[in-house]
Amino acid sequence: MAQKIQKTNVRRLLDAAGIAYELIEYAVDESDLSATHVAEQLGEDVDAVFKTIVLEGDKTKHFVCVVPGACEVDLKKAARASGNKSCKPIPQKELLPLTGYIRGGCCPIGMKKPFPTYIDETCLLHEKIYPQDLINYVPLEVSDLI
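Residues numbered from 1 in each chain as written. Predicted model: local features only at pLDDT ≥ 70, side-chain atom pairs only at ≥ 80, totals over all residues. Heavy atoms only, no water.

A. Structural view of the layout of surface pockets. The calculated volume of the second largest pocket comes to roughly 170 Å³. If you trace the second largest pocket, you find it lined by Pro108, Ile109, Gly110, Met111, Lys113, Pro114, Phe115, Pro116, Thr117, Tyr137, Val138 and Pro139. Looking at the lining of the second largest pocket residue by residue, the classes come out as 9 nonpolar, 2 polar and 1 charged. (1 Å grid on protein atoms, 1.4 Å probe; cavity = no way out; pocket = protein on both sides within 12 Å on 5 of 7 lines; lining within 4 Å. Points joined across faces, edges and corners; volume = space filled by probe spheres on them. Nonpolar A, V, L, I, M, F, W, Y, C, P; charged D, E, K, R; others polar.)

Laid out in structure tokens, this is it:
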């Protein structure tokens with residue numbers, strides 16, 4: 001008998017919004033939570049696997065950036081996109097209380113409260129992530145972040 005997959009908050013929200021998605025399971029490796037490792041397990045191009053990074057700006061406080069898995073967010077570009085002069089990633093210990101997500105499982109959908117969210121412009125190159133649905137739902141601002 002197949003094990004029933006627990007419906008996550010993100011799945012409930014996407015279902016309620018009528019947004020199509022594909023559920024892809026993979027084994028979580030606590031010793032390697034990198035997007036590169038996830039992409040390898042899924043047999044996907046790492047540039048099509050995006051990661052979510054929560055930052056704190058000097059003016060606007062918390063905001064979120066979504067970038068391709070093998071890339072690092074350019075903090076100067078992220079600051080500029082978000083209306084800050086500077087920014088930095090939040091400490092890991094603040095991630096769960098702030099967003100409701102743990103490291104390696106953070107998603108721009110369904111955070112405890114909505115934060116301004118920016119996605120790197122390369123998302124438009126990937127049909128599989130349905131960027132327009134995601135951009136409209138969160139909402140995301142498309143920016144040059146890498």
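B. Focus on the packing of aromatic side chains. A full pass over the atoms with the stated rule returns 1 aromatic pair. Summarising the aromatic geometry, the rings of Phe63 and Tyr118 are spaced 5.9 Å apart at their centres and angled 85 degrees between planes, so their arrangement reads as edge-to-face. With Phe63 in strand β2 (residues 61–68) and Tyr118 in strand β4 (residues 117–120), this pair connects stretches of sequence that are 55 residues apart. The same class applies to Phe63 and to Tyr118, which are both buried. (Phe/Tyr/Trp six-rings, centres within 6.5 Å; stacked < 30°, edge-to-face > 60°. Helix = DSSP H or I, 4+ residues; strand = E, 2+ residues; numbered from the N terminus. Buried < 20%, exposed > 50% of the residue type's maximum accessible area, 1.4 Å probe, protein only.)

C. Here's a closer look at the pattern of salt bridges. In this structure the tally under the stated criterion is 2 salt bridges. With a closest N to O distance of 3.7 Å, Lys51 and Glu72 form a salt bridge. Of this pair, Lys51 sits in strand β1 (residues 50–57) while Glu72 sits in the loop between β2 and α3 (75–82), placing them 21 residues apart in sequence. The class of Glu72 is exposed, set by a relative accessible area of 61%. Between Lys77 and Asp144 there is a salt bridge, with its nearest N and O atoms 3.1 Å apart. Here Asp144 lies in the segment after β5 (141–143) and Lys77 lies in helix α3, a separation of 67 residues in the sequence. Note on Asp144: relative accessible area 34%, which makes it partly exposed. (Salt bridge = Lys/Arg side-chain N within 4 Å of Asp/Glu carboxyl O.)

Everything listed is a geometric property; what it means functionally is a separate question.
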